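The primary structure of each chain is shown beneath.
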Amino acid sequence: LDNFAILKVGDSRNPFAMPNVKIYTTPFCVFCKMTKDFFAANEVAYEEFNVAADAKAREEMISKSGQFGVPVTDIGGQLVIGFDRARLSELLGLK
């Protein structure tokens, strides 16, 4: 067992760990729903921030992305603007 290490979920050294995922949304955004449906279909855990109701989250989103539109998805510090299935899959290590 000397050559093995136990790595917790979220540990960046764990090749099976999903990166931290945050999505900034509004309630009636079609592309936000598409992104969340994509996450559900691929069993991706995420933290959602409703920027229509949460001013602090809205300012954080604008500060990170320079964008006023949603969705803005932060995957381990990499931003995806809008619904971009290929880029989301790439950042999440999905096929």
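Being a predicted model, the structure only gives us computed values, none of them experimental.

A. Just the overall build of the protein, in detail. Each helix and strand in the protein was counted, giving three helices and four strands. Along the protein, from the amino end to the carboxyl end, the secondary structure elements read β-α-β-α-β-β-α. Across the 95 residues of the protein, 31% fall into the buried class. Here the contacts in the protein between residues at least 6 apart in sequence split such that 56% fall between residues at least 24 apart.

B. Local environment of the packing of aromatic side chains. Summed over the entire model, instances satisfying the criterion amount to four aromatic pairs. Where Phe38 meets Phe39, the ring centres are 6.1 Å apart and the plane angle is 55 degrees; that geometry is what we call tilted. The buried category is assigned to Phe38, whose relative accessible area is 7%. On the numbers, 5.3 Å between centres and 45 degrees between planes, the contact of Phe39 with Tyr46 is tilted.

C. The sheet that holds strand E3 (residues 72-75), seen in detail. Taken in spatial order, the four strands make up an open sheet running E2-E1-E3-E4, and their pairing is mixed. Bordering the open sheet on either side are strand E2 (47-50) and strand E4 (78-81), each of which pairs with just one other strand. Neighbour to neighbour, the strand axes of the sheet diverge by 20 degrees on average, direction disregarded. Sheet contacts for helix H1 (residues 30-41): strand E1 (21-25), E2 and E3; angle to E1, the most-contacted strand, approximately 155 degrees. Contacts from helix H2 (residues 55-65) reach E1, E2, E3 and E4, with the element oriented near 110 degrees to E1.

D. Local environment of a nonpolar patch on the surface. On the surface, Val30, Phe31 and Met34 cluster together into a nonpolar patch covering about 280 Å² of accessible area. The residue Val30 is located in helix H1 in this model.

E. Representation of the pairing of E2. Summarising the sheet, E1 and E2 pair through four bridges and their orientation is parallel. Bridge assignment links Ile23 to a residue of E2, and that residue is Glu48. Crossover connection from E1 via H1 to parallel E2: handedness right-handed.

F. Fine view of the pairing of E3. The side-chain alternation of E3 yields two buried faces, one formed by Val72 and Asp74 and the other by Thr73 and Ile75. Note that E1 and E3 share four bridges and pair antiparallel. In the strand pairing of E3, Tyr24 is matched with Val72. Both E3 and E4 contribute to a ladder of four bridges, which runs antiparallel. Bridging across to E4, Ile75 finds its partner in Gln78. The antiparallel pairing of E3 with E4 creates a hairpin that spans two residues between the two strands, and Gly76 there sits at a positive phi of about 55 degrees.

Rules behind the numbers
Residues numbered from 1 in each chain as written. Predicted model: local features only at pLDDT ≥ 70, side-chain atom pairs only at ≥ 80, totals over all residues. Heavy atoms only, no water. Helix = DSSP H or I, 4+ residues; strand = E, 2+ residues; numbered from the N terminus. Buried < 20%, exposed > 50% of the residue type's maximum accessible area, 1.4 Å probe, protein only. Contact = heavy atoms within 4.5 Å. Phe/Tyr/Trp six-rings, centres within 6.5 Å; stacked < 30°, edge-to-face > 60°. Pairing = 2+ DSSP bridges. Axes fitted to C-alpha atoms, helices over the stretch in contact; angles between N-to-C directions. Patch = residues over 30% accessible without salt bridge, like charges linked within 9 Å, V, L, I, M, F, W, Y side chains within 5 Å. Areas by Shrake-Rupley, 256 points an atom, 1.4 Å probe, with all protein chains shown as cover. Salt bridge = Lys/Arg side-chain N within 4 Å of Asp/Glu carboxyl O. Right-handed = clockwise from strand over helix to strand, strands pointing away.

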